[in-house]
Amino acid sequence: MSDQTSPDAPAGPPFDPSDETPATGTGGDAAPDETGEPEQEDAAGQDDVEHTEATTSAEPADDPDSAEDPEAPDDPEDPAVVDEAQNDDAELAEDAEPAETAETAETTDSEEAVEPGEHVEDHAEDEPEEHAEEEHAEDVEPATAPSLEAATPAPEPEAPSPKPPVSPKPPVAPSDATQLDTSDTTWWRNAIFYQIYPRSFSDANGDGVGDLVGVISRLGYLELLGVDAIWLSPIMCSPMADHGYDVSDPRDIDPVFGSIALFDNLIAEAHARDIRVTMDLVPNHTSDQHEWFRAALAAGPGSPERARYIFRDGRGEGGDEPPNNWLSVFGGPAWHRVTEADGSPGQWYMHIFAPEQPDLNWENPEVFDDLEKTLRFWLDRGVDGFRIDVAHGMAKPEDLPDMDLDATRLLENNDDDPRFNNYAVHAIHRKIRRVMDDYPGAANVGEIWVEDNERFAEYLRPDELHLGFNFRLAKAEFTAESVRAAIENSLEAVLSVNGVPTWTLSNHDVDREVSRYTPDTTDPDGADPEVALADGILAARAMALVELALPGSIFIYNGAELGLPNADLPDEALQDPVWERSGHTERGRDNCRVPIPWEGTEPPYGFSAAADTWLPMPDSWAPFTVETQLEDAGSTLSLYRRAIELRYTRKEFTGSTVEWYGAPDGCLAFRRSEGHLICALNTTDQPVELPPGTVLLSSYPLTDGLLPARSAAWLV
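Conventions and cut-offs
- The numbering scheme is per chain: residues are counted from 1 as the chain's sequence reads.
- With pLDDT at 70 or above as the cut-off, local features in this predicted model cover only qualifying residues; side-chain atom pairs require 80 or more to be listed or tallied, and sums for whole chains, interfaces and linings still use all residues.
- Side-chain numbers come from the whole structure's heavy atoms, not from hydrogens or water.
- Going along the chain from the N terminus, every DSSP run of H or I of four or more residues is numbered as a helix, and every run of E of two or more is numbered as a strand.
- The classification of residues rests on relative accessible area computed with a 1.4 Å probe and restricted to protein chains. Under 20% of the type maximum is buried, over 50% is exposed, and intermediate values are partly exposed.
- When two rings of Phe, Tyr or Trp (its six-membered ring) have centres within 6.5 Å they constitute a pair, described as stacked for plane angles under 30 degrees, edge-to-face for angles over 60, and tilted for the intermediate range.
- Over a ring means this: the NZ of a Lys or the CZ of an Arg is within 6 Å of the ring centre and within 35 degrees of the ring normal.
- Strands were regarded as paired on the criterion that DSSP finds at least two bridges between them.
- Criterion for a salt bridge: a side-chain nitrogen of Lys or Arg within 4 Å of a carboxyl oxygen of Asp or Glu.
- Each axis is a line fitted through C-alpha atoms, and for a helix only the stretch in contact is used; angles between axes span 0 to 180 degrees, taken between their N-to-C directions.
- Every residue pair with non-hydrogen atoms within 4.5 Å of one another is taken to be in contact.
- Residues adjacent in sequence count toward polar contacts only when both atoms are side-chain atoms; beyond that, a polar contact is any pair of N or O atoms within 3.5 Å, and within protein one must be able to donate a hydrogen and the other to accept it.
- Here a helix's expected span is defined as the number of its residues, less one, multiplied by 1.5 Å.
- To be clear, the arc concerns the directions from the helix axis to the C-beta atoms.

To continue, consider the overall build of the chain. Of regular secondary structure, the chain possesses 17 helices and 19 strands. Taking all 716 residues of the chain together, 61% fall into the buried category.

Right, here's the structure in full:
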């Protein structure tokens with residue numbers, strides 16, 4: 001560790017509680033009348049500081065995944081077999097009982113914090129096999145209990161061949177499940193969601209790809225962590241051109257993950273642990289293998305089948321040019337020309353993402369009617385809500401005007417982008433909300449990439465989305481100015497509609513926070529890579545406390561609680577469609593999607609029995625495993641567990657507004673308006689004095705009572 005945390009380093013000027021300013025409100029509550037001074041308790045001599053989550057007293061904390069993994073069922077459709085597969089997980093559930101968590105969470109003053117480990121990154125994997133070959137092989141011996149500017153366009157793929165519609169599948173037996181608690185319709189206002197990227201969470205059948213049995217086997221771990229709900233990235237049937245975001249059947253589970261019966265079992269097992277289950281919903285587009293799109297290709301121009309999608313005649317002589325100049329978010333044009341059934345060049349269809357993801361025509365009432373069937377199908381099975389992918393998409397302007405190509409980059413959009421955020425989208429969300437209101441206890445969160453606060457707030461009106469993802473904190477640099485601006489803006493964005501703010505530091509589309517906060521090492525005068533990574537981990541730990549101190553709902557991406565960095569992947573391992581669509585100029589998002597390390601000292605770290613996982617795992621990730629961190633009271637996982645526990649058990653975490661303190665340069669401090677929890681952040685390279693109060697938790701041990709560099713603390 002560098003000398004930035006040395007007790008000999010000079011301290012910066014103190015925080016100033018007298019320079020206290022209220023922030024804009026959130027959650028619809030007015031700012032409190034009282035804005036009195038915080039209690040002026042002496043912060044010196046912090047002997048009772050809990051700088052880490054205490055998973056140990058005298059003995060190391062139990063590893064919730066040390067029991068053997070459940071056998072993968074011989075028949076994945078048989079829930080009885082799945083129930084039997086969970087027997088080996090009973091001990092894990094016992095380990096996760098709240099009473100035991102509270103008991104083991106008492107850190108003694110003599111415990112010594114361990115510096116974040118030194119970690120590197122790496123990865124690799126081939127393109128997935130044909131969809132049929134990705135199915136769970138029932139005769140495979142399961143793993144033992146795994147005891148994380150538009151460039152030059154690449155050549156367009158061949159247009160999908162016209163194929164007749166597939167025969168409808170037999171109906172799925174209905175479920176009598178309900179949402180976890182139909183009497184609690186506001187749970188989402190202060191919830192902690194844990195995003196599971198299923199391919200990378202836990203692989204129980206040994207094919208190198210995570211699955212539902214793997215998720216079930218890890219529910220005890222999630223209970224131990226203390227989350228309220230899980231959000232599953234897409235698990236519906238898909239050819240996997242975009243790893244599940246190209247859905248071919250929205251009312252079935254892809255065999256690579258399991259089956260409807262397994263999913264029903266997952267809901268039951270999660271609900272038994274008071275964990276809600278939410279899942280990704282992809283309404284903007286389908287797969288090109290969806291029966292509707294195959295029927296559209298076969299039916300031809302002007303047909304009702306094509307009216308479900310956005311087909312247009314081309315411009316120019318012979319219709320050889322796309323209908324407009326729109327670009328795909330993944331690179332290249334947003335239009336693909338089909339070959340008609342008679343072999344002639346035909347119409348063009350819109351795909352805002354990959355060509356394998358044709359956009360639906362939301363002007364066609366059939367489209368919502370089918371979405372309603374999908375919503376009710378999953379809600380009737382007990383799903384507690386949805387994360388709506390591209391919630392600011394779906395609706396398109398009628399005249400399809402050209403876009404400003406100079407203002408557009410890959411994987412981004414702005415508020416003037418005609419591809420997104422058209423006013424007609426709100427009518428769609430109101431229809432969705434009417435369905436959701438038939439299921440008390442269910443809630444939606446939308447992926448909304450909208451910068452303007454007024455336009456963002458429109459999505460959170462009482463008859464639209466329950467929650468909207470605000471990505472400002474995930475986009476903020478690790479500076480006090482940037483972090484404070486992100487917090488203030490996020491609170492302001494929901495104020496006008498009495499909405500609830502959401503906070504996240506990463507997800508499957510965003511670089512991991514550790515890597516974002518790691519200083520640049522490419523410059524000849526840059527930091528040593530190991531020191532730089534340690535600094536990135538320190539900053540990520542600090543930001544975790546900032547995030548968990550704020551009012552509203554929290555979203556944690558799987559692996560964030562382990563302090564995982566991005567992984568460096570060789571070119572041949574990349575699978576994100578952005579890599580090919582950008583002409584190999586943008587590497588895409590695979591580096592933040594690498595499987596989670598559970599135990600052991602070498603890949604695949606208990607994630608799978610297969611040596612070759614769908615994305616390769618770095619050789620340097622042994623210090624990041626769940627097994628290692630559960631036994632270390634100073635680990636990032638232990639910090640998350642302690643912080644989550646305090647958030648739910650301490651009365652200081654109340655109030656829907658925050659008030660700002662004066663702070664030294666490079667620092668910030670805010671106080672919750674009602675409970676008066678104080679959160680202080682130091683983004684500098686030097687320790688600083690803390691605001692007055694008693695320290696409840698710090699992201700790194702204090703240095704002679706001072707808040708260390710790149711650290712945060714909670715005070716009461």
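Attention now goes to the packing of aromatic side chains. Applying the stated criterion across every chain, the model contains 22 aromatic pairs. Look at Tyr221 and Trp598: their rings are 5.1 Å apart centre to centre, the planes differ by 80 degrees, and that puts the pair in the edge-to-face class. Of this pair, Tyr221 sits in helix H5 (residues 219-225) while Trp598 sits in the loop between helix H15 (577-581) and helix H16 (626-630), and the two are 377 residues apart along the sequence. Centre to centre, the rings of Phe293 and Tyr349 are 4.9 Å apart; their planes meet at 70 degrees, and the pair counts as edge-to-face. Taken as a pair, Phe293 in helix H7 (residues 291-299) and Tyr349 in strand E9 (residues 345-350) lie far apart in primary sequence, 56 residues in all. Three or more aromatic residues joined by ring pairs form one cluster here, namely Trp187, Phe193, Trp231, Trp449, Phe469, Phe471 and Phe555. A cation over an aromatic ring shows up here: Arg308 above the ring of Trp292, its NZ or CZ 4.4 Å from the ring centre. Geometry around Tyr423 places Arg455 over its ring, the cationic atom sitting 4.0 Å from the centre.

Let us look at the sheet that holds E9. Spatial ordering of the open sheet is given by E7-E9-E8, a layout of 3 strands whose pairing is antiparallel. Each having just a single partner strand, strand E7 (311-312) and strand E8 (335-339) make up the two edges of the open sheet. Bridging between E8 and E9 involves 4 bridges; their strand directions are antiparallel. Within E9, the position partnered with His336 by the bridge is Tyr349.

Along the polypeptide, Phe257 turns up in the loop between strand E5 (249-253) and helix H6 (260-272). Of the residues examined, Phe257 reaches a relative accessible area of 1% and is grouped as buried.

The full count for this structure, using the stated rule, is 32 salt bridges. With a shortest N-O distance of 2.7 Å, Asp264 and Arg381 are connected by a salt bridge. Here Arg381 lies in the loop between helix H8 (365-379) and strand E10 (385-388) and Asp264 lies in helix H6, a separation of 117 residues in the sequence. According to the relative accessible area criterion, Asp264 is partly exposed, its value standing at 22%. With a relative accessible area of 4%, Arg381 lands in the buried category. Here Arg430 ties to Glu464 by a salt bridge, and the two come within 3.3 Å at their closest N and O atoms. Here Arg430, found in helix H9 (residues 425-436), pairs with Glu464, found in the loop between helix H10 (453-458) and strand E12 (467-469); they are 34 residues apart in sequence, far enough to count as distant. Look at Arg430 and you get partly exposed, because its relative accessible area is 27%. Three or more residues joined by partner-sharing salt bridges are found here, namely Asp242, Asp509, Asp576, Arg589 and Arg593.

Here we take up the sheet that holds strand E13 (residues 502-504). Pairing between the strands of a sheet comes from backbone hydrogen bonds, and it takes one of two forms, parallel or antiparallel. The 8 strands are arranged E12-E11-E10-E6-E3-E2-E14-E13 in an open sheet whose pairing can be described as parallel. Each edge of the open sheet carries a strand with a single partner, namely E12 and E13. Within the sheet, the average angular offset between the axes of one strand and its neighbour, ignoring direction, is 25 degrees. Sheet topology note: the strand E11 (residues 443-447)/E12 ladder contains 3 bridges and is parallel. Paired with Val445 across the two strands is Leu467, which belongs to E12. The strands that H9 touches are E10 and E11; relative to E10, the one it contacts most, it runs at about 165 degrees.

Right, let's get into the side chain of Asn507. Secondary-structure assignment places Asn507 in the loop between E13 and helix H13 (513-517). Classification of Asn507 as buried rests on a relative accessible area of 4%. Of note is the side chain of Asn507, whose polar atom sits 2.7 Å from the backbone nitrogen of Asp509.

Quick look at H9 now. Owing to its 3.6 residues per turn, the α-helix aligns residues three or four sequence positions apart on the same side. End to end, H9 covers 17 Å across 12 residues, agreeing with the expected 16 Å (1.5 Å per residue, within 8%). For H9, the set of buried residues is Val425, His426, Ile428, His429, Ile432, Arg433, Val435 and Met436. Looking straight down H9, one finds that the buried residues subtend no more than 165 degrees of arc, so they occupy a single side. Those residues of H9 hidden inside the fold are in contact with H8, E10, E11 and H10.

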